[in-house]
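Each chain is listed here by its residues.
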Amino acid sequence: RRGKPLLSPSLPGEPVPPSLQADMQFVLSASHRLLNGLLNICMEQRFVTATINVIEFSQLLTQAMWFHSNPLLQLPHFDMAQVKACSRLLDGGGKDAKASSPIEKLRALGPQKRREALTKLSESQHADIDRFLTNFPEIEISFDAKVEDEEDVQEGDVLSLTVKVERKHLPEDPDWVDSDEEDDEPDEDMFSKELAHLEPDSEEYEAKKEELMDEWRDAYYERQKRKREREKARNPQSGELGFAARPLHEPVPVHAPHFPEERHEQWMVLLVDVKSNKLVGYQKLSQNSRFEKVALKFLAPKEGVVHYEIHCLCSAYLGLDKKVLMKKSIVKRKEEEKKTAAELAEEEDEEEEEEDEEPEGKWYYLGGNSFGELILNIIALAIAGVMLFNFLYSRGLWQKYVQPLADWVLMIAWPFLSLVGNKLLPGWLWFSTNVYDFRHVSFLFENMTAVDMDANASLSTRVKNDTSFLNEDPFKPNLFNQMGDRD
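Visitor: I keep staring at the environment of Cys42 and nothing clicks. Help me out?
Guide: Along the chain, Cys42 turns up in helix H2 (residues 21-44). With 11 residues separating them along the chain, Cys42 and Asn53 place their C-alpha atoms 10.0 Å apart. Contacts of Cys42, omitting those with residues within four sequence positions, involve Phe47, Ala50, Thr51 and Val54.

Visitor: What's the story with a nonpolar patch on the surface in this structure? I'm lost.
Guide: On the surface, a nonpolar cluster with roughly 910 Å² of combined accessible area is contributed by Leu366, Phe371, Ile375, Leu376, Ile378, Ile379, Leu381, Ile383 and Met387. Relative to the assigned elements, Leu366 resides in the loop between helix H11 (341-356) and helix H12 (371-394).

Visitor: What is the right way to look at unusual backbone geometry in this model?
Guide: Note: most peptide bonds trans; most residues except glycine with negative phi. Look at Ala64: it is not a glycine, yet its phi comes out positive at around 55°. Within the element layout of this structure, Ala64 appears in the loop between helix H3 (48-63) and helix H4 (80-90). On the basis of relative accessible area, Ala64 is assigned to the buried category, the value being 11%. If you check the backbone angles, His77 has positive phi at about 70° while not being a glycine. Residue placement: His77 occurs in the loop between H3 and H4.

Visitor: What is the right way to look at the packing of aromatic side chains in this model?
Guide: The tally for this structure, following the rule as stated, stands at seven aromatic pairs. Ring centres of Phe136 and Tyr317 lie 5.0 Å apart, and the angle between their planes is 65°; on these two criteria the pair is classed as edge-to-face. Pair noted here: Phe136 is in the loop between helix H8 (123-135) and strand E1 (139-146) and Tyr317 is in the loop between strand E7 (304-314) and strand E8 (322-331), with a separation of 181 residues, a long-range link.

Visitor: Would you explain H2 in this entry?
Guide: Spacing of three or four residues puts side chains on the same side of an α-helix, whose turn is 3.6 residues. Here H2 spans 35 Å end to end across 24 residues, near enough to the 34 Å set by a 1.5 Å rise per residue. Within H2, the full set of buried residues consists of Met24, Val27, Leu28, Ser29, Ala30, Ser31, His32, Leu35, Leu39, Cys42 and Met43. Of the residues flanking the end of H2, it is Arg46, one or two places downstream, whose phi is positive at about 65°.

Visitor: I tried to follow the pattern of salt bridges on my own but got confused; where do I start?
Guide: Once their charged atoms are close, side chains differing in charge can pair, the charge on each being opposite to the other. Taken as a whole and assessed by the stated rule, the structure comprises 12 salt bridges. A salt bridge links Glu123 to Arg115; its shortest N-O distance comes to 3.0 Å. Residues joined by salt bridges that share partners form a network here, namely Arg114, Arg115, Glu123 and Asp130.

Visitor: Can you walk me through the confidence of the model for the chain in this structure?
Guide: Detailed reading of the predicted model is not advised wherever pLDDT is low. Across the chain, the average pLDDT comes to 77, with 73% of residues at or above 70. Ranking the elements of the chain by mean pLDDT puts helix H5 (residues 95-98) last with 45 and strand E4 (residues 267-273) first with 93. A low-confidence stretch, residues 94-99 stays under pLDDT 50, and its non-local contacts, those more than four residues away or across chains, total three contacts. Throughout residues 236-244 the model reports pLDDT below 50, and contacts reaching past four residues in sequence, or to other chains, amount to five contacts.

Visitor: Just checking my understanding: could you explain empty space enclosed by the protein for this structure?
Guide: In this approach the atoms are scanned with a rolling probe the size of a water molecule, which exposes any empty space left behind. Considering all chains together, one arrives at one cavity of 30 Å³ or more under this definition. One number sums up the size of the largest cavity: a volume of about 50 Å³. Lining the largest cavity we find Leu35, Asn36, Leu39, Val54, Ile55, Ser58, Gln266, Met268 and Ser315. Partitioning the lining of the largest cavity into residue classes produces five nonpolar, four polar and no charged.

Visitor: Is there a simple way to think about the nonpolar core in this case?
Guide: Across soluble globular proteins, nonpolar side chains have a tendency to be buried as a group. Ranked by size, the top nonpolar core spans 61 residues in total, and within it Leu72, Leu75, Phe78 and Leu161 carry the most contacts. Discounting chain neighbours no more than four positions away, the residues touching Phe78 are Leu72, Leu73, Val83, Cys86, Leu106, Leu118 and Ile129.

Visitor: Is there a simple way to think about the side chain of Asn288 in this case?
Guide: Structurally, Asn288 can be placed in the loop between strand E5 (278-284) and strand E6 (291-299). Every residue in contact with Asn288, bar those within four places of it in the chain, is listed here: Arg167, Leu170, Pro247, His249, Glu250 and Pro251.

Visitor: Whenever I open this one, H4 confuses me. Can you help?
Guide: Listed in full, the buried residues belonging to H4 are Gln82, Val83, Ala85, Cys86 and Leu90. Within H4, the buried residues cover an arc of 165° as seen down the axis, which keeps them to one side. Facing away from the buried side of H4 by more than 90 degrees, the exposed set consists of Lys84 and Arg88. The inward-facing, buried residues of H4 contact helix H6 (102-109) and helix H7 (111-117). Two to three positions downstream of the cap, the backbone nitrogen of Ala81 sits 3.1 Å from a side-chain oxygen, assigning the N-cap of H4 to Asp79.

Visitor: Could you clarify how one ought to interpret a negative patch on the surface in this entry?
Guide: A surface patch of like charges, here negative, comprises Glu346, Glu348, Asp349, Glu350, Glu351 and Glu352. Turning to its location among the elements, Glu351 is positioned in helix H11.

Visitor: Teacher, can you tell me more about the packing of H2 against H3 here?
Guide: Axis separation between H2 and H3 bottoms out at 9 Å; the angle between their running directions is 165°. With respect to each other, H2 and H3 are oriented roughly antiparallel. In this structure, the crossing between H2 and H3 has a hand that is left-handed. For the pair formed by H2 and H3, the contact residues are Leu28, Ser31, His32, Leu35, Leu38, Leu39, Cys42 and Met43 on the first element and Ala50, Thr51, Val54, Ile55, Phe57, Ser58, Leu61 and Thr62 on the second. Split by residue class, the contact of H2 with H3 holds 11 nonpolar, five polar and no charged.

Visitor: Which parts of the structure should I look at to understand the sheet that holds E1?
Guide: What links the strands of a sheet is backbone hydrogen bonding, and the strands pair in either a parallel or an antiparallel sense. The strand order across the open sheet formed by three strands is E1-E3-E6, and the pairing between neighbours is antiparallel. For this open sheet the edge positions go to E1 and E6, each flanked by a neighbour on one side alone. Shown here is a sheet whose adjacent strand axes are inclined to one another by a mean of 20°, direction ignored. In the sheet, E1 pairs with strand E3 (residues 158-167) via eight bridges, with the strands oriented antiparallel. Paired with Ile139 across the two strands is Arg167, which belongs to E3.

Here is what the cut-offs are and how they apply
- Residues numbered from 1 in each chain as written.
- Predicted model: local features only at pLDDT ≥ 70, side-chain atom pairs only at ≥ 80, totals over all residues.
- Heavy atoms only, no water.
- Helix = DSSP H or I, 4+ residues; strand = E, 2+ residues; numbered from the N terminus.
- Contact = heavy atoms within 4.5 Å.
- Patch = residues over 30% accessible without salt bridge, like charges linked within 9 Å, V, L, I, M, F, W, Y side chains within 5 Å.
- Areas by Shrake-Rupley, 256 points an atom, 1.4 Å probe, with all protein chains shown as cover.
- Salt bridge = Lys/Arg side-chain N within 4 Å of Asp/Glu carboxyl O.
- Buried < 20%, exposed > 50% of the residue type's maximum accessible area, 1.4 Å probe, protein only.
- Phe/Tyr/Trp six-rings, centres within 6.5 Å; stacked < 30°, edge-to-face > 60°.
- Expected span 1.5 Å × (residues − 1).
- pLDDT = per-residue confidence, 0-100.
- 1 Å grid on protein atoms, 1.4 Å probe; cavity = no way out; pocket = protein on both sides within 12 Å on 5 of 7 lines; lining within 4 Å.
- Points joined across faces, edges and corners; volume = space filled by probe spheres on them.
- Nonpolar A, V, L, I, M, F, W, Y, C, P; charged D, E, K, R; others polar.
- Core = buried A, V, L, I, M, F, W, Y, C linked by side-chain atoms within 4.5 Å.
- Arc of directions from axis to C-beta.
- Polar contact = N/O pair within 3.5 Å; in protein donor to acceptor, adjacent residues only side chain to side chain.
- Lys, Arg positive; Asp, Glu negative; His and termini not counted.
- Charge placed at Lys NZ, Arg CZ, Asp CG, Glu CD.
- Axes fitted to C-alpha atoms, helices over the stretch in contact; angles between N-to-C directions.
- Parallel < 35°, antiparallel > 145°, perpendicular 65-115°, else oblique.
- Left-handed = near helix turned anticlockwise from the far one by under 90°.
- Pairing = 2+ DSSP bridges.

So this is what it looks like as structure tokens:
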């Protein structure tokens, strides 16, 4: 309940009664932790206005200023008298001066003109102001948005936005190299000077060109090696389990004399869709170095010209926020390329099903794909045939319908079968004598055909023939009896 009454006098920098000093210290010390949590929630929910309002409130709370306060009050030893004196001087500037913030205008005047305008301040106070303006943040933003390996941007493409932020108030970074231009592929124009004295397409020309290409590749690999070493030095945790990088430099302190705790610069990069007023992407700067890059990826919207705003905001100072406009032309995707995610997933499933499907069987394998499957098919058909025969025979259908048809077919085909049989008879006799005794099969069928049509008697009651041979193994002749007969 005390938070709001305590913050109300704190923002304009008014004094607080001694009895409330402890409560004021507690509220201010916890305020930025709460604001950071609120900021993360707003960015996650893609709220543009709420995100910017949270950052601006953090600025006001740090500098103990109100919404309508002049940014010049952040300078040391400044009150409304100094602000009025500087305002008269700054209002006389040209168009370029009006385009920047009041603090940047004051810094651009130089120490001599500031001393002429602020005559009531002592030299030591001017020295504090000079030191503050020297260390006051100044940033510059550049960006590059493109689709990988594509010249134009089509609907649904993934746009890669790289934002480079330069914080000019920080010292130079010796490890920083903007090496994007070093990775260009070589072409013949790069070697035109070295190849000018040689005849094109000659052996010497090709050999010299190959030598230059090898030198370029060696230099390229060396550049990549140095680049990886620089990245590792700038970001020691790069590539290790994907953890957030440890800051490259120590946090930059903020001039905030009215805030009870030490504050540090914190910068956020926001990408805003102007038409829908939606936060497309965001990222915090974490390295505390002069140069830092932010990579954002997002989907291209529908066909047309889309306007985006790239904001770079500081949570500790007023008047530093930068905003640049980005305009992208989105073309309509070609019909043959225009597929939804569901269609793509369906195509992938169909391809997987086609890969999983077995090839069609061969007719000469009886529908199988190999000789082994042919054997299995024959066995299955034989079992099915025996079961069908037993069923028809038990019902008398075989004797009534199938057997007459089989006899008629046998009668018609007998001349051909006799001719073929005479040719195969010697082999058949040898096989039945030396390999397998087919009397087992003939015995079975003789007794089956002897069964009365009207009486379904079993084979055991209709056996007419001598069955003594059944005790012998048809595959193994009785060698001992044969030897006895010879004796």
